[in-house]
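If you want the building blocks of each chain, they are given just below.
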Amino acid sequence: MRRIFSDHAYDYARIENCYWAETVPDSTLMRPALIGAEKADVAIIGAGFTGLSAALRLAESGVKTVVLDATFPGFGASGRNGGFCCLGGAKASNGMIDRMHGKPARLEYRQAEVAAVKHVAETLSTHEIDAETHSKGETIVSHKAGYPFEAEAREIEENYGVTPTLHSKSELETLGMPGPFHGGMTTPIGFGLNPRKYLVGLLRAAEAAGVTVYGASPVSDISRSGTYALKTPQGTLEAEQLTLATNGYSSEDVPPWLAARYMPSQSSVIVTRELTDAELAAGWHSDQMSYDSRNLLHYFRLMPNRRFLFGMRGGLTSSDLSEAAIKRKIRSDFESMFPAWAQVETPHYWSGMVCLSAGLTPFAGPVPDMPGTYAGFAYHGNGVAMGSYTGALLAEQILGSQKLLSPKLMQKPPLKFPLGRARRALMLGIYAGAALKDW
Ligand SMILES: Cc1cc2nc3c(=O)[nH]c(=O)nc-3n(C[C@H](O)[C@H](O)[C@H](O)COP(=O)(O)OP(=O)(O)OC[C@H]3O[C@@H](n4cnc5c(N)ncnc54)[C@H](O)[C@@H]3O)c2cc1C
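Residues numbered from 1 in each chain as written. Predicted model: local features only at pLDDT ≥ 70, side-chain atom pairs only at ≥ 80, totals over all residues. Heavy atoms only, no water.

A. Inspection of the overall build of the chain at higher detail. Looking only at helices and strands, the chain features 12 helices and 18 strands. Taken over the C-alpha atoms alone, the chain extends approximately 65 × 45 × 45 Å along its principal axes. Buried residues in the chain amount to 58% of all 439 residues. Considering only contacts in the chain between residues 6 or more positions apart, those separated by 24 or more positions represent 76%. Accessible area for the chain stands at about 17200 Å²; split by element, carbon and sulfur atoms hold 55% of it. (Helix = DSSP H or I, 4+ residues; strand = E, 2+ residues; numbered from the N terminus. Buried < 20%, exposed > 50% of the residue type's maximum accessible area, 1.4 Å probe, protein only. Contact = heavy atoms within 4.5 Å. Areas by Shrake-Rupley, 256 points an atom, 1.4 Å probe, with all protein chains shown as cover.)

B. Molecular detail of the nonpolar core. Residues Leu-193 and Tyr-198 are the most contacted members of the largest nonpolar core, which totals 77 residues. Those elements that place two or more of their residues in this core are strand 1 (36–45), helix 3 (49–60), strand 3 (84–85), helix 5 (103–126), helix 6 (149–160), helix 8 (195–208), strand 12 (263–271) and helix 11 (383–399). If one sorts the elements of this core by residue count, helix 11 sits on top with eight residues. Core analysis: the next-biggest nonpolar cluster, separate from the first, contains 32 residues, Ala-9, Ala-43, Phe-363 and Phe-377 among them. (Core = buried A, V, L, I, M, F, W, Y, C linked by side-chain atoms within 4.5 Å.)

C. Up close: the packing of helix 5 against helix 6. Packing of helix 5 against helix 6 leaves a shortest axis separation of 8 Å and a crossing angle of 85 degrees. On the basis of the axis angle, helix 5 is roughly perpendicular to helix 6. Residues Lys-103, Arg-106, Leu-107, Arg-110, Gln-111, Glu-113 and Val-114 of helix 5 pack against Glu-158, Asn-159 and Tyr-160 of helix 6. In terms of residue class, the contact of helix 5 with helix 6 is made up of three nonpolar, two polar and five charged. (Axes fitted to C-alpha atoms, helices over the stretch in contact; angles between N-to-C directions. Parallel < 35°, antiparallel > 145°, perpendicular 65-115°, else oblique. Nonpolar A, V, L, I, M, F, W, Y, C, P; charged D, E, K, R; others polar.)

D. Up close: the site of the ligand. Taken together, 37 residues form the shell around the ligand, and within it Thr-50, Asp-69, Ser-78, Phe-84 and Val-384 come nearest. Separating a nitrogen atom of the ligand from a backbone N or O atom of Ala-70 is a distance of 2.9 Å. Protein burial of the ligand: of its 1000 Å² of free accessible surface, 99% is covered by the chains. Elements that contribute at least two residues to the shell around the ligand include exactly helix 3, strand 12, strand 16 (348–356) and helix 11. Top element by residues in the shell around the ligand is strand 16. It accounts for three residues. Of the residues in the shell around the ligand, the class split is 18 nonpolar, 16 polar and three charged. (Near = heavy atom within 4 Å. Polar contact = N/O pair within 3.5 Å; in protein donor to acceptor, adjacent residues only side chain to side chain.)

E. Geometry of the pattern of salt bridges. One pass over the full model with this rule turns up 20 salt bridges. Across the pair Glu-252 and Arg-423 runs a salt bridge, and its minimum N-O distance is 2.8 Å. Here Glu-252, found in the loop between strand 11 (235–244) and strand 12, pairs with Arg-423, found in the loop between helix 11 and helix 12 (425–438); they are 171 residues apart in sequence, far enough to count as distant. Take Glu-252 and Arg-423: they sit in the same class, and that class is buried. Residues joined by salt bridges that share partners form a network here, namely Asp-98, Lys-103, Arg-106 and Glu-158. (Salt bridge = Lys/Arg side-chain N within 4 Å of Asp/Glu carboxyl O.)

F. Focus on helix 5. With 24 residues, helix 5 extends 34 Å between its outermost C-alpha atoms, agreeing within 8% with the 34 Å of an ideal straight helix rising 1.5 Å per residue. Remark: Glu-128 follows helix 5 within two positions and exhibits a positive phi of approximately 50 degrees. (Expected span 1.5 Å × (residues − 1).)

G. Highlighting the sheet that holds strand 15 (residues 308–313). Taken together, eight strands build an open sheet; the order of strands is 5-6-4-13-14-15-12-16 and the sheet is mixed. This sheet does not close on itself; its edge strands, each paired only once, are strand 5 (165–167) and strand 16. Here the strands of the sheet are splayed against their neighbours by 20 degrees on average, with no regard to which way each runs. Pairing geometry for strand 13 (residues 289–292) and strand 14 (residues 298–302), over two bridges, is antiparallel. Residue pairing across strands places Tyr-291 opposite Tyr-299, the latter belonging to strand 14. With respect to the sheet, helix 10 (residues 320–337) is in contact with strand 12, strand 13, strand 14, strand 15 and strand 16, its orientation differing from that of strand 15 by roughly 125 degrees. (Pairing = 2+ DSSP bridges.)

H. Spatial organisation of the packing of aromatic side chains. Evaluated as defined, the whole model comprises 28 aromatic pairs. Look at Phe-75 and Tyr-249: their rings are 6.3 Å apart centre to centre, the planes differ by 65 degrees, and that puts the pair in the edge-to-face class. Here Phe-75, found in the loop between strand 2 (65–68) and strand 3, pairs with Tyr-249, found in the loop between strand 11 and strand 12; they are 174 residues apart in sequence, far enough to count as distant. An identical accessibility class is assigned to Phe-75 and Tyr-249; each is buried. Ring plane angle 65 degrees and centroid distance 6.5 Å describe the contact between Phe-181 and Phe-338, whose orientation is recorded as edge-to-face. Here Phe-181, found in the loop between helix 7 (169–174) and strand 6 (184–187), pairs with Phe-338, found in the loop between helix 10 and strand 16; they are 157 residues apart in sequence, far enough to count as distant. We note that Phe-181, like Phe-338, is buried. Through successive ring pairs, a cluster of aromatic residues spans Phe-181, Trp-284, Phe-300, Phe-308, Phe-310, Phe-334, Phe-338 and Trp-341. Between Arg-224 and the ring centre of Tyr-228, over which it is positioned, the NZ or CZ distance is 4.8 Å. Residue placement shows Arg-424 over the ring face of Phe-5; its charged tip is 4.1 Å from the ring centre. (Phe/Tyr/Trp six-rings, centres within 6.5 Å; stacked < 30°, edge-to-face > 60°. Lys NZ or Arg CZ within 6 Å of the ring centre and 35° of its normal.)

The analysis is restricted to geometry; functional conclusions fall outside its scope.
In structure tokens, the structure reads:
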């Protein structure tokens, strides 16, 4: 696998201290490696939300499905994210989507975002997965005065058909959301969850439906003569059809079509110890999941067990040095946003890869020139709902069924980023521009 970050970014050490492992240990997720020759109707590469959702839906329709993961299910972003099951998936603004795809396509896509959140809620309920959900929608808090909440509220009404609630600074305080914020807005769609509990629930549901999942099985080569043959260190999987579900953990050569079509980008999270009653009284004590209005945003939520999760984007290189710098930065941002907790320990820090596309919208569709191959990726840091939904959409496409709303703009294959393997350099400019706007 030729990847564009150094091996450091894909190391186990990045999640060694992930809080979710305290709730669902890695050992629960580990699966044996593929050894020898095996056959399936559909082979899926990647056992995160995308791959497992696709697998579950296929198996429920009687399709023999085998999932291969390089490490273990949930090793990628799905087992280490912030647990915001929320609207999103595209980074493109309304204006950009309208220019590129037209307004009807944008409205169709926005409805799919709503359907994606509903899809996860239904999956949790159907498969009786207790994922420690909380929060009634999501609240954005402004980091500087003059944030255009009214204009944004009108866009939300148009896109999602719901009316957000605006909050003044003092209302935020009354609601248990104090901080250096100038106001806020709650959109009543979405909820917080424990992503590993959701992931393990999805994994078990897929296995119960007949899916075979292998861990420690990195696919190093895909060849085709009539059927696909996927090569792993100790085995080969032959399949009629193939699904690529590798998102931010994709490589340039498995298969070569992916080269330059995805942009991995890092996100990092810290989690506090359990907060005491006095600490909560002195600071944030709402169970609303929230994020700030920065372009390089912070996302945070008080979990039902009273630990506080705080995350942010960033990091263009991956090394011990850069990781240490991000760790310092996330802690210092946490302390300046929540000064009452400056002394509260954050024993958990980890990082992982999200994924962007050149058009800043997600992809869920057939791969050109690879008959019977489908791919789903590029959720722009919002793949809990959209990745799960994309997996279900890919299964629908394979089954030739149309039970779910499948936005046309998601079926357009992503264009290549310029600069090939050096494309991360583009992010320098994007991050610098975003940081300037955030000032
Ligand atoms: C720190 C962090 C916080 C985040 N917070 C949120 C959030 O709060 N809300 C939200 O909506 N989204 C969030 N995201 C994004 C979200 O987690 C992802 O969009 C989503 O999990 C992607 O799911 P996936 O199944 O497509 O990919 P992943 O979960 O990344 O899985 C890809 C899998 O592919 C496997 N793989 C790759 N190549 C191969 C190969 N050649 N052979 C076999 N296996 C292979 C990998 O091992 C990996 O397990 C966050 C991401 C990170 C990193």
